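# Topology and contacts: notes
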Amino acid sequence: MENFTPVSATLGGMLIGLSAVLLMGLHGRIAGISGLFSGTVFAGTGDRLWRLFFVVGLVGAPLIYLIATNHMPAFDLQTGWPIVVAGGLLVGFGTRLGSGCTSGHGVCGLSRLSARSLVAVIIFMGAGMATVTAVRLLTGGTPS
């Protein structure tokens, strides 16, 4: 656990929770990132602006961090861009297939005690763990 940072993780979790609560309280919407992102393209014009601001805030967070701390967090991409793009497309397909993503089901759905979200979280977390274990075993890494 060489990258364990409890203070920043706690603050980040609190900000995620606060944004989810504010979005639900002020707009009656679930903060599911895949739905918000697709809505920036496919939603009606009256529903597009707040979605765009939310997505821009997610993407712009590293710039805010840079301004606040005067340095960027370390980022080490250990694979090529084709793999990253393929992974992104697969995640996008999976979120459409599962009718939601980790933020929609895991953060917002579980906090609303949604049985459907509980099943979705169990399935995608289990599939993720199985995939990591299989890839590490097939590539000679440790399955930890």
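## Structural notes on helix H2 (residues 33-42)
Of the residues making up H2, those classed as buried are Leu-36, Ser-38, Gly-39 and Thr-40. Summarising the contacts, the buried residues of H2 are in contact with helix H1 (6-27), helix H3 (45-69) and helix H4 (81-97).

## Some remarks on unusual backbone geometry
Located in the positive-phi region is Asn-70, a residue other than glycine, with phi close to 65°. With respect to the element layout, Asn-70 can be found in the loop between H3 and H4.

## Re the packing of H2 against H3
Two numbers describe a pair of packed helices, the interaxial angle and the distance between the axes. As a packed pair, H2 and H3 sit with axes 8 Å apart at the nearest point and diverge in direction by 125°. Classified by the angle between their axes, H2 and H3 sit oblique to one another. The handedness of the crossing between H2 and H3 comes out as left-handed. Residue-level contacts link Ile-33, Gly-35, Leu-36, Phe-37, Gly-39, Thr-40, Val-41 and Phe-42 of H2 to Arg-48, Trp-50, Arg-51, Leu-52, Phe-54, Val-55 and Leu-58 of H3. The residue inventory of the contact of H2 with H3, partitioned by class, reads ten nonpolar, three polar and two charged.

Thresholds applied
Residues numbered from 1 in each chain as written. Predicted model: local features only at pLDDT ≥ 70, side-chain atom pairs only at ≥ 80, totals over all residues. Heavy atoms only, no water. Buried < 20%, exposed > 50% of the residue type's maximum accessible area, 1.4 Å probe, protein only. Helix = DSSP H or I, 4+ residues; strand = E, 2+ residues; numbered from the N terminus. Contact = heavy atoms within 4.5 Å. Axes fitted to C-alpha atoms, helices over the stretch in contact; angles between N-to-C directions. Parallel < 35°, antiparallel > 145°, perpendicular 65-115°, else oblique. Left-handed = near helix turned anticlockwise from the far one by under 90°. Nonpolar A, V, L, I, M, F, W, Y, C, P; charged D, E, K, R; others polar.

Remember that the coordinates give geometry; whether it matters functionally is a separate question.
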